[in-house]
Each structure stands twice: as structure tokens, then as C-alpha cells.
Amino acid sequence: MLGTVLIKDCERKKMRAMDDRTEMLPLKAAGDDDGFDGNDEEGKTGLVTKTRPKTRKPNLYKVLLLNDDYTPMEFVILILEKFFNKRHEEASRIMLHVHQRGVGVCGVYTFEVAETKVTQVMDFSRQHDHPLQCTMEKE
Ligand code: TYC
């Protein structure tokens, strides 16, 4: 019965419990060259499983700065240095991009980090009486 794999009832139960990270492969032991794939006389099932490690990529969010007519350029540069760890040159480049194009990316983070950055920027800007707006969007 080449190509046929017999599976016992108890094994079916185990298989149902497997999640979609588990892949079933026909058993073929090294050196097992009897041409009888997947079963032996002791009634063992002819399957081995290979489970991939549970690593899922997190959703990422862009933190955006919006242009306005009132926030001083130097203050926006300070924000980029202070909360987004940018060097002065990079911070200046991003600020000018936002000034000219209306919106720009400060960084890309997981949800909670992005949310924290938005809150920090909004609070700090408010404390300094600037109308600077910061928001986030899913990448
Ligand atoms: N447009 C502002 C000005 O001319 C500068 C500015 C840049 C403001 C970026 C906000 O996100 C901003 N003073």
C-alpha cells in the first residue's frame, strides 16, 4: 500500500489539537529503505510533526508630525532630538520636510511605543504653548 498512511483514532485527536503552526510530514527514517512509507508492524502512526517557533511580527505604526504656521522651527527640531533620538542634522531635515510638505515621519514603532511618543509630543508642545500636532498611523 505505497503512499497510504494509516492513522489511529488517538492520533487523529492529537492532530486536531495541533494549531496551524504544525506541519505534518510523512515519516521516513534515515536508512529506512523498505519502501513502506510511514508505518511499521508495531502500529506506530506514520507521521512526524515539525512545529515552527511562535514568532509573530508586531504591527508597526508611523509617528507623524504635522505642519502648522506657528510652532518655531527650532522647537520642532528639539522635539525630534528629545523624543525621537535624532541627531541635529537629521532632525533639521525632517522638520524642513514637514514644513514644506505638510506631514512627515518621525519614526516607526510598535503600537504602545508610538502611542507614548504621540502623547509626549502633544503634552510637551502644550506645555510650551505651541499648536504642534503629532499623530500615528498603521504602516
Ligand atoms: N511651519 C513652521 C514655521 O514656519 C515650522 C514647522 C515645521 C511647524 C514642522 C510644525 O511640524 C512642524 N515656523
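It should be noted that the structure appears before, not after, this text.
Residues numbered from 1 in each chain as written. Predicted model: local features only at pLDDT ≥ 70, side-chain atom pairs only at ≥ 80, totals over all residues. Heavy atoms only, no water.

### Side note on the site of the ligand
The criterion, for reference: We call a residue near a molecule or strand when any one of its heavy atoms sits within 4 Å of it. Here a polar contact is recorded for every N or O atom pair within 3.5 Å, except that within protein the pair must consist of a potential hydrogen donor and a potential acceptor, and residues adjacent in sequence are included only if both atoms are side-chain atoms. Per-residue and other accessible areas follow the Shrake-Rupley method at a 1.4 Å probe size, with only the shown protein chains counted as cover for residues. To qualify as a helix, a DSSP run of H or I must reach at least 4 residues; to qualify as a strand, a run of E must reach at least 2; elements of each kind are numbered from the N terminus. When residues are grouped by polarity, Ala, Val, Leu, Ile, Met, Phe, Trp, Tyr, Cys and Pro land in nonpolar, Asp, Glu, Lys and Arg in charged, and all others, Gly among them, in polar.
Every residue close to the ligand is listed here: Leu66, Asn67, Asp68, Thr71, Met73, Val76, Met95, Val98, His99 and Leu132. Here leucine 66 contributes a backbone N or O atom positioned 2.8 Å from an oxygen atom of the ligand. When the ligand sits alone it has 350 Å² of accessible area, and the protein chains cover 89% of it. The set of elements that each furnish at least two residues to the shell around the ligand consists of α2 (73-84) and α3 (88-101). Ranked by residue count, the leading element in the shell around the ligand is α3, at three residues. Taken together, the residues that form the shell around the ligand break down as six nonpolar, three polar and one charged.

### Concerning the nonpolar core
Rules: Nonpolar core, defined: a set of buried Ala, Val, Leu, Ile, Met, Phe, Trp, Tyr and Cys residues in which side-chain atoms within 4.5 Å join the residues together. Note on classification: 1.4 Å probe, protein chains only; a residue is buried when its accessible area is under 20% of the maximum for its type, exposed when over 50%, partly exposed between these limits. Any two residues having at least one pair of non-hydrogen atoms within 4.5 Å are treated as being in contact.
Ranked by size, the top nonpolar core spans 22 residues in total, and within it Val63, Leu65, Ile79, Leu80, Phe84, Val121 and Leu132 carry the most contacts. Among the elements of the structure, β3 (60-66), α2, α3, β4 (103-110) and α4 (111-127) are those that each provide at least two residues to this core. If one sorts the elements of this core by residue count, α2 sits on top with seven residues. Dropping the residues within four chain positions of it, valine 121 is found in contact with Leu65, Ile79, Phe83, Phe84, Leu132 and Cys134.

### Remarks on the packing of aromatic side chains
The line we're drawing: Side-chain rings of Phe, Tyr and Trp, where Trp is taken by its six-membered ring, are said to pair if the distance between their centres is within 6.5 Å; with planes under 30 degrees apart they count as stacked, over 60 as edge-to-face, and otherwise as tilted.
Applying the stated rule across the entire model yields four aromatic pairs. Here the aromatic rings of phenylalanine 75 and phenylalanine 124 are separated by 5.6 Å at their centres, their planes lie at 10°, and the arrangement is stacked. Here phenylalanine 75, found in helix α2, pairs with phenylalanine 124, found in helix α4; they are 49 residues apart in sequence, far enough to count as distant. Phenylalanine 124 matches phenylalanine 75 in its accessibility class, with the two residues each being buried.

### What to know about unusual backbone geometry
Positioned with a positive phi, asparagine 85 is a non-glycine residue whose angle comes to about 55°. Structurally, asparagine 85 is set in the loop between α2 and α3. Note on asparagine 85: relative accessible area 63%, which makes it exposed. Backbone geometry places aspartate 129, a non-glycine residue, at a positive phi of 60°. Position of aspartate 129 relative to the elements: it lies in the loop between α4 and β5 (133-138).

### Points about the pattern of salt bridges
We apply this condition: For this analysis, a salt bridge means a side-chain nitrogen from Lys or Arg found within 4 Å of a carboxyl oxygen belonging to Asp or Glu.
All chains considered together, the criterion is met by two salt bridges. The closest approach of N and O atoms between glutamate 90 and arginine 93, which form a salt bridge, is 3.3 Å. Of this pair, glutamate 90 and arginine 93 both sit in helix α3, separated by three residues, roughly a single helical turn. Judged by relative accessible area, glutamate 90 falls into the partly exposed class, the value being 30%.

Function cannot be read off these values alone, since they describe shape.
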